Amino acid sequence: MLVDTYGRVATDLRVSLTDRCNLRCTYCMPEEGLRWLGKPELLTDDEIVRLVRIAVTGLGVTEVRFTGGEPLLRPGLPGIVERCAALEPRPRLSLTTNGIGLARIAPALRAAGLDRVNVSLDTLRPEVFKTLTRRDRHRDVVEGLLAARAAGLDPVKVNTVLMPGLNDDEAPDLLAWAIENGYELRFIEQMPLDAQHGWQRDGMITAGDVLASLRTRFTLTAEGEEIRGSAPAERWLVDGGPYRVGVIASVTRPFCAACDRTRLTADGQVRTCLFAREETDLRAALRAGEPDEEIARIWRRAMWGKKAGSGLDDPAFLQPDRPMSAIGG
Ligand code: SAM
Ligand code: SF4
């Protein structure tokens, strides 16, 4: 198992399939100038499936989420999903995507064995979407969401980041829309993972702000810790239920003590945390011909060194060199 010195066990693997993206969300990527990984640096489909197999069959991983960058830009995605779904024990398979192209590929992904999907959408207003993502693709995302639901991906979750002065007035409208469409909405606090290093704690919209805004229109009742488990989202029943809304307060209410994540970047580096400044190279071991047992040993050793927390509250906190798009959110 992937255990650390604080007794946490990582069972949830996030795999970044690419650092590239067809949007340029301001809280994640710069408009231009980011250096992309070259093809030889990227793990191949076979290497990804091998690492997932080692994690699932030898290291106790039960959940695998594909992310990026934009994972739908990876041509081999359906094949990767299908091969991971054939593993024994079968992991639960999910995807985090910006939804562009999902309308076309959702049925194939479902057929390949994908269980559920998170689609990122920050606004109901196309012109605000264009400002936030620097691309005019709002309609593609909405169509992608509809197709995901129609394909039987369940649940379909929507990830939303609120940015001051842009979409921070939209929380109640987004929740009403999500309820109407059967999507589970989760607000994510903006984290210091933007490529421009422009994040400011004072300027961010906090979980407290989100809840206050939602309460202007809805009654929210907290779900207990026993239901939350290691999930990062704190969940609230909306108007007595059954609908729920989640808030991921990575900055103001960190959940590091319950973290069960291990991460793999698109170039085969293990990260113990989004905010880690160290990485462990599995790609080199793969390409040196090391056997599964040795790769599992290196992965276990990396996770053993996982720090207690993100360090966000430490005055000496330093943002990781890689932005969110290159780590895998
Ligand atoms: N491109 C896909 C997408 O947007 O869903 C997957 C990768 S993206 C990095 C994963 C999630 O991270 C998205 O929901 C996005 O909104 C979120 N994200 C990106 N940068 C963030 C930041 N600085 N703070 C909080 N969430 C962020
Ligand atoms: Fe691309 Fe996702 Fe980052 Fe937006 S949040 S720029 S969609 S990787």
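Residues numbered from 1 in each chain as written. Chains lettered and ligands numbered in written order. Predicted model: local features only at pLDDT ≥ 70, side-chain atom pairs only at ≥ 80, totals over all residues. Heavy atoms only, no water.

### Here we look at the side chain of Asp-19
- Among the structural elements, Asp-19 can be located in the loop between β1 (12-16) and α1 (45-58).
- Buried within the structure, Asp-19 lacks any salt-bridge partner; Arg-20 is the closest side chain of opposite charge, at an N-O distance of 4.5 Å.
- At 2.9 Å, the side chain of Asp-19 and the backbone nitrogen of Leu-37 are in polar contact.
- With residues up to four places along the chain from it excluded, the contact list for Asp-19 reads Met-29, Arg-35, Trp-36, Leu-37, Gly-69, Ala-266, Ser-325 and Ala-326. (Helix = DSSP H or I, 4+ residues; strand = E, 2+ residues; numbered from the N terminus. Buried < 20%, exposed > 50% of the residue type's maximum accessible area, 1.4 Å probe, protein only. Lys, Arg positive; Asp, Glu negative; His and termini not counted. Salt bridge = Lys/Arg side-chain N within 4 Å of Asp/Glu carboxyl O. Polar contact = N/O pair within 3.5 Å; in protein donor to acceptor, adjacent residues only side chain to side chain. Contact = heavy atoms within 4.5 Å.)

### Let's talk about the site of ligand 1
- Taken together, 18 residues sit near ligand 1, with Tyr-27, Gly-69, Glu-70, Ser-120 and Met-191 positioned nearest.
- Note that an oxygen atom of ligand 1 is positioned 3.2 Å from one of the side-chain N or O atoms of Asn-159.
- Between a nitrogen atom of ligand 1 and a main-chain N or O atom of Met-191, the distance comes to 2.8 Å. (Near = heavy atom within 4 Å.)

### Some words on empty space enclosed by the protein
- For the structure shown, the criterion picks out 2 cavities of 30 Å³ or more.
- By volume, the largest cavity is sized at about 40 Å³.
- Counting residues per element, the ones that place at least two in the lining of the largest cavity are β6 (184-188) and β9 (244-248).
- Partitioned by chemical class, the residues of the lining of the largest cavity number 8 nonpolar, 1 polar and 1 charged. (1 Å grid on protein atoms, 1.4 Å probe; cavity = no way out; pocket = protein on both sides within 12 Å on 5 of 7 lines; lining within 4 Å. Points joined across faces, edges and corners; volume = space filled by probe spheres on them. Nonpolar A, V, L, I, M, F, W, Y, C, P; charged D, E, K, R; others polar.)

### Some points on the nonpolar core
- If you look at the biggest cluster of nonpolar residues, it comprises 100 residues, and the most contacted ones within it are Phe-66 and Trp-299.
- No other element matches α1, which puts 7 residues into this core.
- In this structure Trp-299 touches Leu-2, Leu-13, Leu-51, Ala-55, Leu-59, Thr-262, Leu-264, Val-270 and Leu-282, once residues within four positions along its chain are discounted. (Core = buried A, V, L, I, M, F, W, Y, C linked by side-chain atoms within 4.5 Å.)

### Remarks on the state of the cysteines
- Counted under the stated rule, the structure contains 0 disulfides.
- Left without a disulfide partner, Cys-256 is nearest to the cysteine sulfur of Cys-273, which lies 6.2 Å away.
- Its sulfur unpaired, Cys-259 is 6.7 Å from the next cysteine sulfur, which belongs to Cys-273. (Disulfide = S-S within 2.5 Å.)

### Some words on the environment of Ala-249
- Position of Ala-249 among the secondary structure elements: in the loop between β9 and β10 (261-264).
- Residue classification places Ala-249 among the buried residues on the basis of a relative accessible area of 1%.
- Taking the C-alpha atoms as reference points, Ala-249 and Gly-208, 41 residues apart in sequence, are found 8.9 Å from one another.
- Not counting residues up to four positions away in its chain, the partners in contact with Ala-249 are Glu-189, Ala-207, Glu-234, Pro-254 and Phe-255.

### Things to note about the packing of α1 against helix α2 (residues 77-85)
- Following both chains from N to C, one finds α1 and α2 inclined at 25°, their axes separated by 10 Å at the closest point. Between α1 and α2, the angle is such that the two are roughly parallel. Regarding α1 and α2, the two cross each other, and that crossing is right-handed. Two secondary-structure elements touch here, α1 through Asp-45, Asp-46, Ile-48, Val-49 and Val-52 and α2 through Ile-80, Arg-83 and Cys-84.
- In the contact of α1 with α2, the residues fall into 5 nonpolar, no polar and 3 charged. (Axes fitted to C-alpha atoms, helices over the stretch in contact; angles between N-to-C directions. Parallel < 35°, antiparallel > 145°, perpendicular 65-115°, else oblique. Left-handed = near helix turned anticlockwise from the far one by under 90°.)

### A closer look at helix α4 (residues 126-133)
- Among all positions of α4, only Val-128, Phe-129, Leu-132 and Thr-133 are buried. Buried residues of α4 fall within an arc of 115° about the axis and therefore sit on the same side.
- Where α4 is buried, its residues contact α5 (138-150).
- Downstream of α4 by one or two residues, Arg-134 has phi in the positive range, about 60°. (Arc of directions from axis to C-beta.)

### Focus: the pattern of salt bridges
- Evaluated as defined, the whole model comprises 25 salt bridges.
- Where Arg-8 meets Asp-4, a salt bridge forms, and the shortest distance between an N and an O atom there is 2.7 Å. You'll find Arg-8 and Asp-4 in the same group, each marked buried.
- Linked through salt bridges whose partners overlap, the residues forming this network are Glu-184, Glu-223, Arg-235 and Arg-244.

### Comments concerning the pairing of strand β5 (residues 156-160)
- Most of β5 sits out of view: 5 of its 5 residues are buried.
- Of the two faces of β5, the one carrying Val-156, Val-158 and Thr-160 and the one carrying Lys-157 and Asn-159 are both buried.
- Bridging between β5 and β6 involves 4 bridges; their strand directions are parallel. Paired with Thr-160 across the strands is Phe-187, a residue of β6.
- A crossover links β5 with its parallel partner β6, the connecting element being helix α6 (residues 171-181), and its sense is right-handed. (Pairing = 2+ DSSP bridges. Right-handed = clockwise from strand over helix to strand, strands pointing away.)

### Looking at the environment of Ile-188
- With respect to the secondary-structure elements, Ile-188 resides in strand β6.
- Among the residues examined, Ile-188 registers a relative accessible area of 18% and is labelled buried.
- The spacing of Ile-188 and Pro-232 is 44 residues in sequence and 9.8 Å in space, taken between C-alpha atoms.
- The contact partners of Ile-188, leaving out residues within four places of it in the chain, are Asn-159, Thr-160, Val-161, Leu-162 and Ile-248.

Just distances and angles here, no functional claims.
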